[in-house]
Structures are given as C-alpha cells and as structure tokens.
Amino acid sequence: MTRLIQGIKKDLRFVGSHTLQPAWYKLLKVFILLGFLLGYWYFFGLKRTAVFLAAFLLLSLLVHLLYRWKTHEWKRSWLDFVVGEQDGEVKPRSIGLFYYSAIALNAALSVVASLLLA
C-alpha cells in the first residue's frame, strides 16, 4: 500500500510540475471539462453524465499508466513523449499527437458508453 501511495504522490508531483503544457492550458482544461460536463448533464441527464465521467476518467487513467510504464516513470522517450537532458537532469520536453488523439478517442468512447449503458 505504501508503494501505491508513493507512486500516486510521484505522479501528482509530475502532473503539477511538468512543462509539457503551459500553466494557463492546464487550468483551462479543468474549465473545459467542467463546462462539457454541465452541458452533457443538461442535455442527457445525471446518469449518463456520471457514466461518461466514470468511463472518461478510467480510460484516461489507462493512458496515463501506459505512458508512465513505457516512459519508465517519465525518464525515457516513447512515441510522442520526448525526454531530454537539461543541466545534467532528465526532463520531459514535449508530448504530441498520439497523446491528444488518445484523449479524444477516450472522450468519444465515453460518449458512446454513456449513451449505450445509461
């Protein structure tokens, strides 16, 4: 259990500190998701919104864990995740099309799941 908690803390530190996206975009994503969820709730109801959110979070967690595993906890380049050395320290430099395509696919699959399951 301690290892799991340490892994979660490490990932939260990474997500909060990385420079793969500008700080304003990290904040904007929260408002985009909240606005989308409010609109989804308005048009489709609470049950379908809850199914969408659960599916989206689960699929996004899978993408996160896949990147974490394949990049050896953010230390190696993989697909569109590029790692470089800066001042003798390994730092992530960019993320790109595959990651954003996976998130868009997650959203589409979550919409389908919410419409079929709820």
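Residues numbered from 1 in each chain as written. Predicted model: local features only at pLDDT ≥ 70, side-chain atom pairs only at ≥ 80, totals over all residues. Heavy atoms only, no water.

J.: What am I meant to see in the layout of surface pockets here?
T.: A probe as big as a water molecule, rolled over the atoms, marks out the empty space that is left. By volume, the largest pocket is sized at about 1,100 Å³. Lining the largest pocket are 30 residues; nearest its centre among them are Lys29, Phe56, Ser60, Tyr99 and Ile103. Those elements giving two or more residues to the lining of the largest pocket turn out to be α1 (2-17), α2 (23-44), α3 (46-70) and α4 (97-117). Examining the composition of the lining of the largest pocket, we find that eight residues originate from one element, α3, more than from any other. Among the residues making up the lining of the largest pocket, the classes are represented as 23 nonpolar, four polar and three charged. Considered as a void within the structure, the second largest pocket measures approximately 330 Å³ in volume. For the lining of the second largest pocket, the elements supplying multiple residues, two or more each, are α1 and β2 (89-94). Grouping the amino acids of the lining of the second largest pocket by side-chain chemistry returns four nonpolar, four polar and six charged. (1 Å grid on protein atoms, 1.4 Å probe; cavity = no way out; pocket = protein on both sides within 12 Å on 5 of 7 lines; lining within 4 Å. Points joined across faces, edges and corners; volume = space filled by probe spheres on them. Helix = DSSP H or I, 4+ residues; strand = E, 2+ residues; numbered from the N terminus. Nonpolar A, V, L, I, M, F, W, Y, C, P; charged D, E, K, R; others polar.)

By themselves, these observations are geometric and do not establish any function.
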